[in-house]
Structure formats: structure tokens, C-alpha cells
Amino acid sequence: MPEVSSVMPAAVPAIDEVISVCSIKDIDVWTVAAKHIVQYISAKQYTVIVPDAQVEMFAAVTKAPYQVKPESQFVGSLKEKIAQTLTPENQDRVGWYLQQFVKISAVLTHDDQDIVLIWDADTVPLKKLEFINSSGQFIYYKGDEYRKSYFDFIERALGLKRTQNFSFIAQSLILKVSWARELTNALAQNAQLPWIEAVLSFLDKAEPAGFAEFETLGSWIWNHHSNEIVITDKAWYRNGLSLVGNPLALSKSIWMGLAKHYDFISFEGWDMKEGVRNGIRQAYRRVKLGLEGKLI
């Protein structure tokens, strides 16, 4: 008889923490997203980080196993430093930049061997999602966004040119903490400053969108750890509000209809400002998805 191997297959590693960053403008979406995240994404721990003054509000609508933590725990009074860095015309972008620093800072609180999933708080998973395959490789979704300013920053700060033909801005990003540590160490070394100050020093101060945490982390990983990741073609959708409306008001049949086509859907407030052409486009997509007549 053939010899039976006694070697057990290596277990697929687990996600140590799902980290999201949110604020009051997205609290309605968050109350829906948090339940779906726990249901459809397996992890040892779940955390949402919010402005200090909003901790109690989020705690009231966020159930266990989620933890609600104040952003100052991770970045202190960084908001003021960002405001001092940006031009007067970009002061409305301070909070946008701050959230990105909070996400990376929260990742860095972990040990190097830990695995963290950064998940956008305005995004709802629609079915069971796997971010690590049977070979232990991390699964990355693709985005189609392209901003030259993001890659100008990456080349200026890290010396990396864009070689991928997709975006890492896809509402989620899984990584080993050691990869984030490598990135922030490289930023610090290149600027001879602590990593956050390094990012601020490399920013185009007049650019309203001069740095993207997903694009920067993803580009670093793509260049240094591409053999440990796979890029999936599975579909997700970004313009949830204009497609189906407020997630608090959606019926089970609509959620099931969306899940037939997408792995997750985001509900970003800006997507309601796209005008008549976008409305026609979304009406067509609703018909195509079989959702027409089911909307509340």
C-alpha cells in the first residue's frame, strides 16, 4: 500500500483584526455595515475608530463583538498638524487625510506577524468573503480609479513607478503588519523624519487628493511581496446610494439581488451629486440587475 503522509496541510492563517474608520456622516451606513461585516468576514477582532467626540454615539449603535475606539488613541492631536500643512484652499480635506493616518497607525499597533484587514466603513459585504486563499496568499480586489497625484506621491516618497494596470483603492486591503512597517520605515528613512511627518513632507500641499493609503500600501506590497498576493476579478460596486438608496431602507430581496452580482457595495455620500447623466446610468443598471420595481 502507498505510504500515507502524516504531514497535515498548513492551516490558512486568520485575520487578527478588521479595522474601519468612520465619522458621523456615515453612521447610517455603518449601522448596516457593521452587522454584515461580522456576519460575512471572519476575524478575531473588529474595531471601528471614530472622532473622540463621537465615541458615545457610535457605541450606541455598534454591537459586540465590535469595539469603538477614539482616533486620538492612534494619532493624538495630528489633525492640527495636517491643517497647518495643507494650503488654505484645502482645509476641508483635513479630516480626509486624517482618516488615512488613523488606519495605518492602527495597523502598526499590532505585532509584525499579525494580519489586518482595513475595511471602509461605508462599505457593506453582501456574502461570505475570503481574503486568504488555501495557499496562504492574500486576495486583493481591484479598483478602476486613477489619480496621477497618488502616483506622483509614491514616486516622490518611495521611488516606485506605477507598474500595475489597476487601482488598489477597492474599499478593502488585507496585509501583514510587517509590510506596513516596512513601508513606514522606508518613508521615515527617505525623509529622515517620523513616518507621518515624512508623508506630510512629501505631499503636494496644494493638491486636494495627494496621498491614498490603499494605493500607497498596495503599490509597496505589489513591488515587494507580489508572490504573496493574488488579484481577483470578482465584482464589487461603488455607487450604492444612487443605485438603491439608503441602506437602512433596503428590503431583503434587494440585498439578495445585489449579492447575485457583487461581493460588496459601498454607499458614499458624494455619489448622489453626479447629476442627470448619472441618474440615467443608474436607472439602466437597476433594470439590468433586476432591481427595478423592488426599490422602496
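Data block above holds the structure.
Conventions used here
Residues numbered from 1 in each chain as written. Predicted model: local features only at pLDDT ≥ 70, side-chain atom pairs only at ≥ 80, totals over all residues. Heavy atoms only, no water. 1 Å grid on protein atoms, 1.4 Å probe; cavity = no way out; pocket = protein on both sides within 12 Å on 5 of 7 lines; lining within 4 Å. Points joined across faces, edges and corners; volume = space filled by probe spheres on them. Helix = DSSP H or I, 4+ residues; strand = E, 2+ residues; numbered from the N terminus. Nonpolar A, V, L, I, M, F, W, Y, C, P; charged D, E, K, R; others polar. Phe/Tyr/Trp six-rings, centres within 6.5 Å; stacked < 30°, edge-to-face > 60°. Buried < 20%, exposed > 50% of the residue type's maximum accessible area, 1.4 Å probe, protein only. Lys NZ or Arg CZ within 6 Å of the ring centre and 35° of its normal. Core = buried A, V, L, I, M, F, W, Y, C linked by side-chain atoms within 4.5 Å. Contact = heavy atoms within 4.5 Å. Expected span 1.5 Å × (residues − 1). Salt bridge = Lys/Arg side-chain N within 4 Å of Asp/Glu carboxyl O. Pairing = 2+ DSSP bridges. Axes fitted to C-alpha atoms, helices over the stretch in contact; angles between N-to-C directions.

Draft legend 1. How the structure looks around the layout of surface pockets. The volume enclosed by the largest pocket comes to roughly 840 Å³. Along its surface, the largest pocket is lined by 29 residues, and Trp96, Asp122, Arg238, Glu268 and Trp270 are the ones closest to its centre. Ranked by the residues each element gives to the lining of the largest pocket, the list is headed by helix α5 (residues 94–107), at five residues. Grouping the constituent residues of the lining of the largest pocket by class yields 11 nonpolar, six polar and 12 charged.

Draft legend 2. Representation of the packing of aromatic side chains within the structure. Per the counting criterion, the structure on display carries 19 aromatic pairs. Ring plane angle 85° and centroid distance 5.9 Å describe the contact between Tyr140 and Phe168, whose orientation is recorded as edge-to-face. On the criterion of sequence distance, the pair formed by Tyr140 in strand β6 (residues 138–140) and Phe168 in the loop between α6 (148–158) and β7 (172–176) is long-range, its members being 28 residues apart. Residues Tyr140 and Phe168 agree in their burial class; the two are buried. Summarising the aromatic geometry, the rings of Phe166 and Trp222 are spaced 5.4 Å apart at their centres and angled 85° between planes, so their arrangement reads as edge-to-face. Taken together, the residues span a long stretch of sequence, with Phe166 in the loop between α6 and β7 and Trp222 in helix α9 (residues 213–224) at a distance of 56 residues. Residue class for Phe166 comes out buried when judged on its relative accessible area of 7%. In this structure Trp222 comes out as partly exposed when scored by relative accessible area, which is 25%. These aromatic residues form a ring-pair network of at least three members: Trp119, Phe131, Tyr141, Trp236 and Phe264. The side chain of Arg93 reaches across the aromatic face of Trp96, ending 4.3 Å from its centre.

Draft legend 3. Molecular detail of the nonpolar core. The biggest cluster of nonpolar side chains holds 97 residues, and the ones touching the most others in it are Trp30, Phe101, Tyr140 and Leu175. With eight residues, α5 is the single largest residue contributor to this core. Not counting residues up to four positions away in its chain, the partners in contact with Tyr140 are Phe168, Leu173, Ile174, Leu175, Trp179, Ile221, Ile229, Val230, Ile231 and Thr232.

Draft legend 4. Local environment of helix α7 (residues 177–191). Between its first and last C-alpha atoms α7 spans 21 Å; for 15 residues at 1.5 Å apiece the expected length is 21 Å, and the two agree. Among all positions of α7, only Val177, Ser178, Trp179, Ala180, Leu183, Thr184, Ala186, Leu187 and Ala191 are buried.

Draft legend 5. Main features of the pattern of salt bridges. Tallied over the full model, the rule gives 14 salt bridges. Between Lys103 and Asp120 there is a salt bridge, with the nearest N and O atoms lying 3.2 Å from each other. Taken together, the positions of Lys103 in helix α5 and Asp120 in the loop between β4 (115–119) and β5 (123–125) put the pair 17 residues apart, joining distant regions of the chain. Residue Lys103 shares its accessibility class with Asp120, and that shared class is buried.

Draft legend 6. Spotlight on the sheet that holds strand β1 (residues 17–21). Reading across the sheet, the five strands line up as β3-β2-β1-β4-β7 and stay open at both edges, with mixed pairing between neighbours. Only two strands of the sheet have a single neighbouring strand rather than two, namely β3 (66–70) and β7. Strand-to-strand twist in this sheet, taken as the mean axis angle between neighbours without regard to direction, amounts to 25°. The pairing of β4 with β7 spans five bridges and is antiparallel.

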